[in-house]
Amino acid sequence: MDKINIEMEQIKKAESVENDEQKWVCDSSVDHKGRVPLRGSTGVWKASLFIIVIEFSERLSYFGLATSLIIYLTKVIHQDLKTAAKSVNYWSGVTTLMPLLGGFLADAYLGRFSTVLVSTTVYLLGLLLLTMSRVVPSLKPCDSDLCQEPRKVHEAIFFLAIYLISIGTGGHKPSLESFGADQFDDDHPAEKKKKMSFFNWWNFGLCCGLLLGVTLIVYVQDRVSWAMADLILTLVMASSLVIFIVGRPFYRYRKATGSPLTPMLQVLVAAIRKRNLHLPSNPTHLHEIPKSETSQRRLLCHTKKLKFLDKAAILDDKQDSIEQQQNPWKLATVTKVEELKLVINTIPIWLTTIPFGICVAQAATFFIKQGVTLNRKIVHNFEIPPASIFALAAVGMIISVTTYEKILVPVLRRATGNERGISILQRIGIGMIFSVSTMIIAALVERKRLNIVHKNPLEGSASMSVFWLAPQFLIIGIGDGFTLVGLQEYFYDQVPDSMRSLGIALYLSVIGAANFISSLLITIVDHITEKGGKSWFGKDLNSSRLDYFYWLLATITAVNLCVYVFVARNYSYKNVHGRTTIAVADCDDREAVA
C-alpha cells in the first residue's frame, strides 16, 4: 500500500512539473520585469509580430536606398560605372560586415533588445542627415535641378549619412532577427515547430518591405524628389521604433552572458596545455558541467571530430581536481569543447557560400544599371524607375518562401520524416543551383542587348524591353528564398546558444565579404582584360562586356557548388541533450536538430 502511495505521489509530482513547464518558460529567458516569463502572455507570434514590423521598416529604408544608390552616384555624384559599382559594393560590404561587431556587443554586453534600440536610433539619425543633405539649401548637391558637379559638402554629408545607416544596420540586423527567434522555446514542441516557420515569415515581411522600397520609394525618388523619399523613410522608421517599444511587455529577453569568444579561447589554451595526455576511450570520463548548473543551460553531445580539442576536458590526475575545475583555462567542460567545434565547423560552410553572395551583389549594381539602358515604358507612356525592376527579386523570394512553407515542407516532412522537410544545408545548396542559372541567363540577356546596340549604335538598346531582365531577377529571388533563409536558420541554429546574435551576423557577413570580393574581382578582371587590349568594364555598359563577367561568375559558382556538396555531406549537425541529461555520450554524425 505504501508503495502504491509513493508511486501516486511521484505521478502527481511529475504532472505538476509538466504543468509548470507548460505555464512558465524555463529556457533562461526573462520578461520585461526580469521574472520567469508566462508562456501564455509572452513570446511566440504575439511578440514576434512587433519585431517583424520594425524589420519591415528597416528593409523598406535599406532597399529604397541601396537599389537606387548606383543611379544616384552616376547621375548626381557623377561617378563612372566602374567607380560607382565599387562604391556600392564597399557600402554594402561595410553594411553587412558591421553586424559582426553589433552581434558581438549584443551577445556579450548590451543584450539584444537594448542593441536594437540603440542601433535603430543611429539608423534614424542617418536618415535625418540624409534628408537634410537634400533639403537644406547649403547642403544640397547644387542650386539647380541639374548640376554638372555636386558640392563637396553634399558628398561628405551624403556619405556620412549612408555610413551612419551602415552602423545602425550593424546592430539592428543581427540583434533583431535573433531577438525574434528568441521568442520561441526550443524545448517546447509546439513552439519549436513555430520557430521553424518564423524564419520563413520573417523573410516574407522582409520581402514586403523590399517590394515597397523598390517600387513606391524608388518611384517617389524618380518622379517626385529624393528629399520626399527620404522624409517618408524617416517617418516610417520613427513610427516603427515606437511600435517596437510598445511591444515591450510581450517580449522574452535573454541576458547578456559576457564575451562568447573567451570560453572558446579557454578551451584552446586548455587543449594545448594537455596536448601530451591520452584521451580516454570512453567519453563519459571527460569533464562535464555539474548537474546543479544544467537548469539554465543546454548540454551538447560529445562528437568524434576534432579530437585534439577533447583534451581540454580531461581531468589531469597529477593536478588538484578542485583547482582544475575552478580554473577554466586548465579544464573545460564537454559542452564548451563542443561549442568551439561548432564554430570551427561553420567556417567551411561560410567560405563555400561566398560565391552565392557575389552573384547576389550583381543584382543591386550591374543588373540595375542594365535596366537604365532598356525600354521601361509599360502603358500610356508610364515609365517604371530602373531600380523598381529589383521588385521582381522580392516577388521571386516571396513565391519561393511561401511555396516552401505551405507546400514543400508538409510534403517533404511526410516523405523524409525530417521535421524541416529537408536539412538546412540541402536548402542552402538548392538556392546555390539557382544562382548558377541566374548568371547563365544574365550572360545570355546581356549578349542579346549588346547585339542590339551594335546593330543600332544611335538608338542603343532602348528598343529592348526591361522585362528581358525579369528571369534573372526572379531566379535570383527564388534562390534567395532557399539559400539566404537557409543561412539565417543555419547560423542561428548551429552556433552556441550564447552567440546567436553573432551567428546572424556571420550569415550577414557572407554577403558583406561577397561584396568586397566582388569589388576586388572587378578590379582584377579590369586590370587583366585591359592588358589584353580592351577592359570588360568600360565607361558605360555599351562599351563593357558584362556578359563575359557573368559567364566567369557562373563558372566560379558552379565549381564552388561541387566543393559545397562535399563539405555539406561531411557536416555534423549540432546535437543537444535534454536539460536534465547529465551523461556524456557520443553523438552519431547524422542530423540532430537540423
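Residues numbered from 1 in each chain as written. Predicted model: local features only at pLDDT ≥ 70, side-chain atom pairs only at ≥ 80, totals over all residues. Heavy atoms only, no water.

Colleague: What's the story with the environment of Ala 393 in this structure? I'm lost.
Modeller: Relative to the helices and strands, Ala 393 resides in helix H15 (residues 391-416). Setting aside its immediate chain neighbours within four residues, Ala 393 contacts Phe 473, Ile 476 and Gly 477. (Helix = DSSP H or I, 4+ residues; strand = E, 2+ residues; numbered from the N terminus. Contact = heavy atoms within 4.5 Å.)

Colleague: In this structure, what is going on with empty space enclosed by the protein? I would like to understand it.
Modeller: The method is simple in principle: a probe with the dimensions of a water molecule rolls over the atoms, and the space it marks as empty is what remains. Under the defined criterion, the tally for this structure stands at 4 cavities of 30 Å³ or more. Along the wall of the largest cavity there are 32 residues; nearest its centre are Arg 59, Tyr 62, Phe 63, Val 360 and Ile 511. Its residues assigned to classes, the lining of the largest cavity shows 19 nonpolar, 10 polar and 3 charged. Each of domain 1 (24-258) and domain 3 (341-588) gives at least three residues to the lining of the largest cavity. (1 Å grid on protein atoms, 1.4 Å probe; cavity = no way out; pocket = protein on both sides within 12 Å on 5 of 7 lines; lining within 4 Å. Points joined across faces, edges and corners; volume = space filled by probe spheres on them. Nonpolar A, V, L, I, M, F, W, Y, C, P; charged D, E, K, R; others polar. Domains from an automatic or database assignment.)

Colleague: How do you make sense of the nonpolar core when you look at a structure like this?
Modeller: Looking at soluble globular proteins, one finds that nonpolar side chains tend to be buried together. Core analysis: the largest hydrophobic core is formed by 144 residues, its most contacted members being Phe 244, Phe 366, Phe 390, Leu 425, Phe 473, Phe 549 and Tyr 550. Residue contributions to this core peak at 15 residues, all from helix H2 (residues 44-75). Beyond its immediate chain neighbours, meaning those up to four positions away, Tyr 550 contacts Phe 366, Phe 367, Gln 370, Met 439, Ala 442, Ala 443 and Glu 446. (Core = buried A, V, L, I, M, F, W, Y, C linked by side-chain atoms within 4.5 Å. Buried < 20%, exposed > 50% of the residue type's maximum accessible area, 1.4 Å probe, protein only.)

Colleague: What's the story with the pattern of salt bridges in this structure? I'm lost.
Modeller: Should their charged atoms come close, side chains of opposite charge can pair. Going through the model one piece at a time under the given rule, you end up with 18 salt bridges. Residues Glu 191 and Arg 252 are paired through a salt bridge, measuring 2.9 Å at the closest nitrogen-oxygen approach. Here Glu 191 is found in helix H7 (residues 189-223), whereas its partner Arg 252 is found in the loop between helix H8 (226-246) and helix H9 (261-273), with 61 residues between them in sequence. Considered together, Glu 191 and Arg 252 belong to a single accessibility category, that of buried residues. Across the pair Asp 310 and Lys 341 runs a salt bridge, and its minimum N-O distance is 2.9 Å. Of this pair, Asp 310 sits in helix H10 (residues 307-310) while Lys 341 sits in helix H12 (residues 334-352), and the two are 31 residues apart along the sequence. Overall, the relative accessible area of 4% leaves Asp 310 in the buried class. One salt-bridge network, held together by shared partners, links Arg 39, Asp 185, Glu 191 and Arg 252. (Salt bridge = Lys/Arg side-chain N within 4 Å of Asp/Glu carboxyl O.)

Colleague: I keep staring at the packing of helix H6 (residues 152-181) against helix H18 (residues 500-531) and nothing clicks. Help me out?
Modeller: For any two helices packed against each other, one specifies the crossing angle of their axes together with the interaxial distance. One can describe the packing of H6 onto H18 by two numbers: an axis separation of 8 Å at closest approach and a directional angle of 125°. Classed by the angle they form, the pair H6 and H18 counts as oblique. As H6 packs across H18, the resulting crossing turns out to be right-handed. Within the contact between the two elements, H6 uses Lys 173, Pro 174, Ser 175, Glu 177 and Ser 178 and H18 uses Arg 500, Ser 501, Ile 504, Ala 505, Tyr 507 and Leu 508. Partitioning the contact of H6 with H18 into residue classes produces 5 nonpolar, 3 polar and 3 charged. (Axes fitted to C-alpha atoms, helices over the stretch in contact; angles between N-to-C directions. Parallel < 35°, antiparallel > 145°, perpendicular 65-115°, else oblique. Left-handed = near helix turned anticlockwise from the far one by under 90°.)

Colleague: Is there a simple way to think about unusual backbone geometry in this case?
Modeller: Glycine aside, a negative phi is what most residues show, and trans is what most peptide bonds show. Despite not being glycine, Leu 306 shows a phi value in the positive range, around 55°. Positionally, Leu 306 belongs in the loop between H9 and H10. A relative accessible area of 36% means that Leu 306 is categorised as partly exposed.

Colleague: Looking at this structure, I do not really get the confidence of the model for the chain. What am I missing?
Modeller: Atomic detail in the predicted coordinates should be set aside for any region of low pLDDT. When pLDDT is averaged along the chain, the result is 82; 90% of the residues meet or exceed 70. The element-level mean pLDDT for the chain is lowest in helix H1 (residues 2-23), coming to 53, with helix H19 (residues 546-569) highest at 93. Between residues 14-20, whose pLDDT stays under 50, and residues either more than four places distant or in other chains, the model counts 0 contacts. When the criterion is pLDDT under 50, residues 579-594 qualifies, and its contacts beyond four places in sequence or with other chains add up to 49 contacts. (pLDDT = per-residue confidence, 0-100.)

Colleague: Can you walk me through the packing of aromatic side chains in this structure?
Modeller: Note on aromatic pairs: each is described by the distance of the centres and the angle between the planes. Scanning the entire structure with this criterion turns up 34 aromatic pairs. Here the aromatic rings of Tyr 90 and Phe 516 are separated by 6.1 Å at their centres, their planes lie at 40°, and the arrangement is tilted. Within this pair, whereas Tyr 90 is found in helix H3 (residues 81-97), its partner Phe 516 is found in helix H18, the two being separated by 426 residues in sequence. Residue Phe 516 is classed as partly exposed on the basis of its relative accessible area, which comes to 29%. Considering the side-chain rings of Phe 537 and Phe 549, the 5.2 Å spacing of their centres and the 75° angle between planes classify their relative orientation as edge-to-face. Placement of the pair is Phe 537 in the loop between H18 and H19 and Phe 549 in helix H19, with a sequence separation of 12 residues. Assigned by exposure class, Phe 537 and Phe 549 land together as buried. Across from the ring centre of Tyr 548, 4.1 Å away, lies the NZ or CZ of Arg 545, which sits over that ring. (Phe/Tyr/Trp six-rings, centres within 6.5 Å; stacked < 30°, edge-to-face > 60°. Lys NZ or Arg CZ within 6 Å of the ring centre and 35° of its normal.)

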